[in-house]
Amino acid sequence: CLGDLGRIQHIVRNIIRNATQHALTTITIRSHQSSNLINVEFINDGHAIPTEVAEIMFTPFEKGTVLGQPESIGLGLSVARDLARMVGGDLTYRYAEGLVTFDLSIPLPHAEITAGSMAS
């Protein structure tokens, strides 16, 4: 994929760390390639993120409180999304059929980079 290996590892490490903290029993990672992107789905069987938290969780210093979980400072997902977007990708959240999914997309090396993004 296109991007700084250390930054991509940072994104993946952050998403996996969140999944291990919030999954009930299962974490699944699936990937597939489209014509110009690598898409990685990080899926866990944790509880849905409340709508009010889901709307702000990618904003710096915003966080939701989950009972029994260590409190964060609210930077992990914000930084992860910013890093993905810097290389022309994205990081999004969805909840469906009892599963929490974070979708990471990163451009392939031959993909055209959008204006304002940078590549390494």
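A short tour of the structure in this document, coming up. (Residues numbered from 1 in each chain as written. Predicted model: local features only at pLDDT ≥ 70, side-chain atom pairs only at ≥ 80, totals over all residues. Heavy atoms only, no water.)

Looking at the overall build of the protein
- Secondary structure assignment for the protein yields three helices and four strands.
- Counting over 120 residues, the protein shows a buried share of 34%.
- Taking as baseline every contact in the protein between residues at least 6 positions apart, the subset at least 24 positions apart corresponds to 55%.
- Here the protein has roughly 7,300 Å² of accessible surface; of this, 55% comes from carbon and sulfur atoms. (Helix = DSSP H or I, 4+ residues; strand = E, 2+ residues; numbered from the N terminus. Buried < 20%, exposed > 50% of the residue type's maximum accessible area, 1.4 Å probe, protein only. Contact = heavy atoms within 4.5 Å. Areas by Shrake-Rupley, 256 points an atom, 1.4 Å probe, with all protein chains shown as cover.)

Notes on a nonpolar patch on the surface
- A surface patch of nonpolar side chains, about 230 Å² in accessible area, is lined by Ile16, Ile27 and Ile29.
- Along the chain, isoleucine 27 turns up in strand β1 (residues 27-33). (Patch = residues over 30% accessible without salt bridge, like charges linked within 9 Å, V, L, I, M, F, W, Y side chains within 5 Å. Salt bridge = Lys/Arg side-chain N within 4 Å of Asp/Glu carboxyl O.)

Focus on helix α3 (residues 76-86)
- Burial in α3 covers these residues: Leu77, Ser78, Ala80, Arg81, Leu83 and Ala84.
- Those residues of α3 that are buried are in contact with α1 (5-22), β3 (90-96) and β4 (99-107).
- Backbone geometry just after α3 places glycine 88 at a positive phi near 90°.

Digging into the nonpolar core
- Core analysis: the biggest nonpolar cluster contains 19 residues, and Ile11, Met57, Phe58, Leu91, Phe102 and Leu104 have the highest contact counts within it.
- Elements that contribute at least two residues to this core include exactly α1, β2 (37-44), α3, β3 and β4.
- If we skip the residues at most four places from it in the chain, leucine 104 touches Ile11, Val12, Ile38, Asn39, Val40, Phe42, Ala84, Asp90 and Leu91. (Core = buried A, V, L, I, M, F, W, Y, C linked by side-chain atoms within 4.5 Å.)

Topic: the pairing of β2
- β2 sits mainly inside the fold: six of its eight residues count as buried.
- Connecting the antiparallel pair β1 and β2 is a turn made up of three residues.
- The pairing of β2 with β4 spans eight bridges and is antiparallel. Paired with asparagine 44 across the two strands is valine 100, which belongs to β4. (Pairing = 2+ DSSP bridges.)

So, the sheet that holds β3
- Strand order in this open sheet of four strands is β1-β2-β4-β3, and the pairing throughout is antiparallel. Single-partner strands in this sheet number two, and they are β1 and β3. Between one strand axis and the next, the sheet turns through 20° on average, direction left out of account.
- In terms of strand pairing, β1 meets β2 through seven bridges, oriented antiparallel. Counterpart to isoleucine 29 in the pairing with β2 is phenylalanine 42.
- Where α1 meets the sheet, its contacts fall on β1, β2, β3 and β4, and the angle it forms with β2 comes to roughly 20°. (Axes fitted to C-alpha atoms, helices over the stretch in contact; angles between N-to-C directions.)

Some remarks on the packing of α1 against α3
- Running from N to C, α1 and α3 cross one another at 145°; their axes reach a closest spacing of 9 Å. Considering only the axes of α1 and α3, their crossing is left-handed. From α1, Arg7, His10, Ile11, Asn14 and Asn18 reach across to α3, where they touch Gly76, Leu77, Val79, Ala80, Leu83 and Ala84.
- A breakdown of the residues in the contact of α1 with α3 according to their chemical character gives six nonpolar, four polar and one charged. (Left-handed = near helix turned anticlockwise from the far one by under 90°. Nonpolar A, V, L, I, M, F, W, Y, C, P; charged D, E, K, R; others polar.)

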